[in-house]
Amino acid sequence: MYIVNTIAELKEKLNECRSRHESIGLVPTMGDLHAGHVSLVKRCVAENDVCVVSDFVNPTQFNDKNDLAAYPHKPESDAALLEKNGCTIVFMPSVEEMYPEPDTREFHFGALEQVMEGPYRPGHFNGVAQIVSKLFYAVEPDRAYFGEKDFQQIAIVRNMVAQLGLKLQIVSCPIIREADGLAMSSRNARLSAEERKTAAHISKYLFESRDMASSCPLSAVREYVIDHINTEPLFRLDYYDIVDGISLQPVQNWEDSPYAVGCIAVYCGNVRLIDNVVYKIDGKMVK
Ligand code: AMP
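Student: Would you take a moment to explain the site of the ligand for this structure?
Tutor: The environment of the ligand is formed by 17 residues, the closest being Met30, Gly147, Asp150, Ile176 and Met184. Between the ligand and His37 there is a distance of 2.9 Å, counted from an oxygen atom to a side-chain nitrogen or oxygen. A distance of 2.9 Å is found between an oxygen atom of the ligand and a backbone nitrogen or oxygen belonging to Gly147. Contact with the protein chains removes 92% of the 480 Å² of surface that the ligand exposes when unbound. Of all the secondary structure elements, the ones that give two or more residues to the shell around the ligand are β2 (24-29), α2 (35-47) and β5 (143-147). The leading source of residues in the shell around the ligand is α2, at 3 residues. The class makeup of the residues in the shell around the ligand is 9 nonpolar, 6 polar and 2 charged.

See below:
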């Protein structure tokens, strides 16, 4: 495995690969890698000749400076985990390498960014688009891998790829969870023991609501999740929306969309967690 820190070195390595007609996959990450990231890496390794993983805490996507300051950075253990899982090149640039000049580009995603995370994290998706586009230009991958945990991010990235006319495939990968159901996240380590226990109730309520969905109206399922989250003193709900999985716009009745996904953002203590559950896909309720 090669560890490279500059775009020039990265391009040099990738040009060698391209001259051998090797396919290239990219997994963008912010490091502090866990089994969720590893699932993306394994899929990338399986589907491409070359697997590039970027490991970079992108400052422009943090709307909360404390969140950025608290974000863990573990290059050595990340590199060891990536090597073990078949990564070909890990790209660990400095902030100066990625942003030699402030990035003044402004992306617009219309209705996709006016829902869910959008109003709560102003500027977040613009920062995501800035870094992901820079990575796409640097790597020119055939495929790029993203986790469904960040459900809205995938829709934003697909829209950005279309806007920029890039020719790559965006591959979405299922959420990897802890044994008690909590979606894996680098932020979980910031939870106290009591918060960590409570945090597992997020997925518990989501899964219970999914069990209700085929026999209850959408409004009752939505209320179930909101009411249960609100009974726990450690939780503070930002939003819980059941949306169409493509347009991300709220759905009022199950019949109104072939693809209905419930997306939640909730503070557990001071740690903001997100998760989601698919209720309906390809026109069929999920059992
Ligand atoms: P991050 O390092 O948090 O920016 O995440 C990098 C990529 O890993 C994103 O595409 C995330 O959606 C994905 N990811 C993070 N956590 C999980 C998880 N629990 N399951 C699957 N993918 C994940």
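Moving on, there is more to tell.
Student: Explain unusual backbone geometry to me, please; I cannot follow it from the model alone.
Tutor: For residues that are not glycine, phi is negative in most cases, and the peptide bond is trans in most cases. Of note in the backbone geometry, Met116 takes a positive phi value of approximately 45° without being a glycine. With respect to the secondary-structure elements, Met116 resides in the loop between α5 (95-98) and α6 (117-120). For Asp282, which is not a glycine, the phi torsion comes out positive at approximately 50°.

Student: How do you make sense of the packing of helix α9 (residues 193-213) against helix α10 (residues 218-230) when you look at a structure like this?
Tutor: In a packed pair of helices, the relevant descriptors are the angle between the two axes and the axis-to-axis distance. At a closest axis distance of 9 Å, the pairing of α9 and α10 adopts a crossing angle of 160°. Considering the angle they form, α9 stands roughly antiparallel to α10. Crossing angle aside, the handedness with which α9 passes α10 is right-handed. Every residue of α10 that contacts α9 at Ile202, Tyr205, Leu206, Glu208, Ser209, Met212 and Ala213 is listed here: Ala220, Val221, Tyr224, Val225, His228 and Ile229. The residue makeup of the contact of α9 with α10, split by class, is 10 nonpolar, 2 polar and 1 charged.

Student: What am I meant to see in the packing of helix α1 (residues 7-19) against helix α7 (residues 124-139) here?
Tutor: Between α1 and α7, the shortest axis-to-axis distance is 9 Å and the interhelical angle comes to 45°. Overall, the two elements α1 and α7 adopt an arrangement that is oblique. In contact with Ile7, Leu10, Lys11, Leu14 and Arg18 of α1, α7 contributes Tyr137, Ala138 and Val139. When the residues that make up the contact of α1 with α7 are grouped by side-chain class, the tally is 6 nonpolar, no polar and 2 charged.

Student: What is the right way to read the domain arrangement of the protein from this model?
Tutor: Often, the extent of an interface is quoted as the loss of accessible area upon association of its parts. One can read the domain layout of the protein as domain 1 (2-173) and domain 2 (186-279). Put simply, the middle of domain 1 and the middle of domain 2, counted by C-alpha atoms, are 26 Å apart. Each partner contributes residues to the interface: domain 1 has 21 residues there, and domain 2 has 20 residues. Carbon and sulfur atoms supply 54% of the area buried between domain 1 and domain 2, which totals about 1700 Å² over both sides. Connecting domain 1 to domain 2 are 3 salt bridges. A salt bridge links Arg187 to Asp67, with the nearest nitrogen and oxygen atoms 2.9 Å apart. Between the two partners, domain 1 and domain 2, sit 9 residue pairs in polar contact (both at pLDDT 80 or more). Mapped by element, the contributors of at least two residues to the side of domain 1 that touches domain 2 are α3 (65-70), α6 and α8 (151-164). Per-element tally for the side of domain 1 that touches domain 2: the top contributor is α8, with 3 residues. Its residues assigned to classes, the side of domain 1 that touches domain 2 shows 10 nonpolar, 4 polar and 7 charged.

Cut-offs and rules
- Residue positions are given per chain, counted from 1 along the sequence in the order it is written.
- pLDDT decides what is reported in this predicted model: residues at 70 or higher carry local features, side-chain atom pairs at 80 or more are listed and counted, and totals for whole chains, interfaces and linings draw on all residues regardless.
- With hydrogens and water stripped out, all remaining heavy atoms of the structure feed into the side-chain values.
- Being near a molecule or strand, for a residue, comes down to having at least one heavy atom within 4 Å of it.
- The term polar contact refers here to a pair of N or O atoms within 3.5 Å; inside protein, the definition further demands a hydrogen-donor-capable atom paired with an acceptor-capable atom, and it admits residues adjacent in sequence only when both atoms are side-chain atoms.
- Here the accessible surface of atoms and residues is derived via Shrake-Rupley with a 1.4 Å probe, and residues count as covered only by protein chains that are part of the display.
- Secondary structure elements follow DSSP: runs of H or I of four or more residues count as helices, runs of E of two or more count as strands, with numbering from the N terminus.
- Polarity classes work like this: nonpolar for Ala, Val, Leu, Ile, Met, Phe, Trp, Tyr, Cys and Pro, charged for Asp, Glu, Lys and Arg, and polar for all others, with Gly in that last group.
- Between the N-to-C directions of two axes lies an angle of 0 to 180 degrees, each axis being a line fitted to C-alpha atoms and, for a helix, fitted only over the stretch in contact.
- With respect to orientation, any angle under 35 degrees is reported as roughly parallel, any angle over 145 as roughly antiparallel, any angle of 65 to 115 as roughly perpendicular, and every other angle as oblique.
- Should the near helix be turned anticlockwise from the far one by less than a right angle, the crossing is left-handed, and should it be turned clockwise, the crossing is right-handed.
- We call two residues contacting when some pair of their heavy atoms lies within 4.5 Å.
- By convention here, the domain bounds are inherited from an automatic or database domain assignment.
- Throughout, buried area stands for the accessible area (probe radius 1.4 Å) lost by two parts on being put together, summed over both.
- Whenever a carboxyl oxygen of Asp or Glu lies within 4 Å of a side-chain nitrogen of Lys or Arg, that contact is scored as a salt bridge.

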